[in-house]
Amino acid sequence: MKKPRYSEFNDKIKNEIHEKYELIAGIDEVGRGPLAGPVVACAVIMKKDSHIEGVTDSKKLSKKRMNELYQKIIDDSISYSFGYANNILIDKINIKEATKLAMKDALEGLEKKPQIVLIDAERIDTHIKQLNIVKGDLYEYAISCASILAKVRRDKIMENFSKIYPYYSFESNVGYGTKKHYEGLEKFGECPIHRKTFLRKFYERQLSFL
């Protein structure tokens, strides 16, 4: 028997979940890959009849479009919350574990307790029933909403950091390793929000030129 395509299988599961549960939380994070700044997670419970046009994986949206959707998602939510893991925690326990803690904090910050949690490719420590959905930020509405909220929130945090640490172009690269970011590191060294464990390759490259 031919196996169903992932999208068909996923739709079947989603339909069953949405028929069975009223309070469904979607959780996602942004900021695993940057050299600086925190991981930001978001948990959100959307209204049962919510269907905001244009909501999808935040990586597929322009900054302008995400900002337009941000308030619409908040207005159409039952409850939402953010969780954070800063660079110090990331360096201490690694990016994966720090991400899971940020997700857990976001979940525990919800004013309403969800009946089930849908998470994009991760599992967290919670007694609430949870379902891991691969590419959930693309296929599951609540996770897409969480993805957009987390992305807009983290971008704003990095814009504020750029005013304190203006040498790395955080306002445009949000901590990722762009040319201007590396130029700032070469000239001024790291700042207090850099992830030391993420800079090892940069320092190894510097040493190779000595």
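Residues numbered from 1 in each chain as written. Predicted model: local features only at pLDDT ≥ 70, side-chain atom pairs only at ≥ 80, totals over all residues. Heavy atoms only, no water.

## A few points about the nonpolar core
When a protein is soluble and globular, its nonpolar side chains tend to lie buried together.
Okay, so step 1: V55, I73, I148 and L149 are the most contacted members of the largest nonpolar core, which has 22 residues in total.
Okay, so step 2: Contributions of two or more residues to this core are made by β2 (39-46), α2 (63-75) and α6 (141-164).
Okay, so step 3: The element contributing the most residues to this core is α6, with 8 residues.
Okay, so step 4: Among the nonpolar cores identified, the runner-up in size contains 18 residues, and A41, A85, L110 and I128 belong to it. (Core = buried A, V, L, I, M, F, W, Y, C linked by side-chain atoms within 4.5 Å. Buried < 20%, exposed > 50% of the residue type's maximum accessible area, 1.4 Å probe, protein only. Helix = DSSP H or I, 4+ residues; strand = E, 2+ residues; numbered from the N terminus.)

## Focus on the sheet that holds strand β1 (residues 24-30)
For sheets, the rule is that strands pair by backbone hydrogen bonds, running either parallel or antiparallel.
Okay, so step 1: The mixed open sheet is built from 5 strands, whose spatial order is β3-β2-β1-β4-β5. Two strands close off the open sheet at either side, each with one partner strand: β3 (77-85) and β5 (129-133). Put simply, the sheet's adjacent strands are angled 20 degrees from each other on average, direction ignored.
Okay, so step 2: In this structure, strand β4 (residues 116-120) lies alongside β5, joined through 5 bridges in parallel fashion. (Pairing = 2+ DSSP bridges. Axes fitted to C-alpha atoms, helices over the stretch in contact; angles between N-to-C directions.)

## Points about the domain arrangement of the protein
Okay, so step 1: According to the domain assignment, the protein consists of domain 1 (11-158) and domain 2 (164-209).
Okay, so step 2: Its C-alpha centre places domain 1 at a distance of 28 Å from the equivalent point of domain 2.
Okay, so step 3: Of the residues lining the interface, 18 residues belong to domain 1; the matching set on domain 2 comes to 17 residues.
Okay, so step 4: Buried area between domain 1 and domain 2, summed over both chains or domains, comes out near 1400 Å², and the portion from carbon and sulfur atoms is 56%.
Okay, so step 5: Put simply, domain 1 and domain 2 have 0 salt bridges between them. (Domains from an automatic or database assignment. Contact = heavy atoms within 4.5 Å. Buried area = accessible area lost by both parts, 1.4 Å probe. Salt bridge = Lys/Arg side-chain N within 4 Å of Asp/Glu carboxyl O.)

## Description of the pattern of salt bridges
Close approach of charged atoms allows side chains with opposite charge to pair.
Okay, so step 1: Evaluation of the coordinates by the stated rule reveals 11 salt bridges.
Okay, so step 2: A salt bridge links K96 to E122, with the nearest nitrogen and oxygen atoms 3.1 Å apart. Remark: E122 occurs in the loop between β4 and β5 and K96 occurs in helix α4 (residues 95-108); sequence separation between them is 26 residues.
Okay, so step 3: By relative accessible area, which is 6% here, E122 ends up buried.

## So, the packing of aromatic side chains
Okay, so step 1: Under the defined criterion, the tally for this structure stands at 7 aromatic pairs.
Okay, so step 2: For the pair Y182 and F202, a centre-to-centre distance of 5.8 Å together with 20 degrees between the ring planes defines the contact as stacked. A residue pair is termed long-range when its members are at least 10 positions apart, and Y182 in helix α8 (residues 179-188) and F202 in helix α9 (residues 200-208) qualify at 20 residues.
Okay, so step 3: A connected cluster of aromatic rings, assembled from ring pairs, spans Y167, Y168, F170 and F188.
Okay, so step 4: The ring centre of F82 lies 3.9 Å from the NZ or CZ of R153, which sits over that ring.
Okay, so step 5: Stacked on the ring of F198, the Lys or Arg R195 has its end atom at 5.0 Å from the ring centre. (Phe/Tyr/Trp six-rings, centres within 6.5 Å; stacked < 30°, edge-to-face > 60°. Lys NZ or Arg CZ within 6 Å of the ring centre and 35° of its normal.)

## Some thoughts on the side chain of T99
Okay, so step 1: The topology assignment puts T99 in helix α4.
Okay, so step 2: When residues no more than four places from it in sequence are discounted, the contact partners of T99 are E29, R32 and V39.

## Here's the deal with the environment of S147
Okay, so step 1: Looking at where S147 falls in the secondary structure, it is placed in helix α6.
Okay, so step 2: Taking the C-alpha atoms as reference points, S147 and Y165, separated by 18 residues in sequence, lie 26 Å from one another.
Okay, so step 3: Non-local contacts of S147, meaning those with residues more than four positions away in its chain, are made with D28, V30, D57, S58 and D137.

## Here's the deal with the packing of α2 against α6
Okay, so step 1: Taken N-terminus to C-terminus, the directions of α2 and α6 make an angle of 115 degrees; their axes are 9 Å apart at the nearest point. Where α2 crosses over α6, the two elements pack in a sense that is left-handed. Contact residues: α2 offers K63, M66, N67, L69, Y70, I73 and I74, while α6 offers C145, I148, L149, K151, V152, R153 and E159.
Okay, so step 2: Residues of the contact of α2 with α6, tallied by class, amount to 9 nonpolar, 1 polar and 4 charged. (Left-handed = near helix turned anticlockwise from the far one by under 90°. Nonpolar A, V, L, I, M, F, W, Y, C, P; charged D, E, K, R; others polar.)

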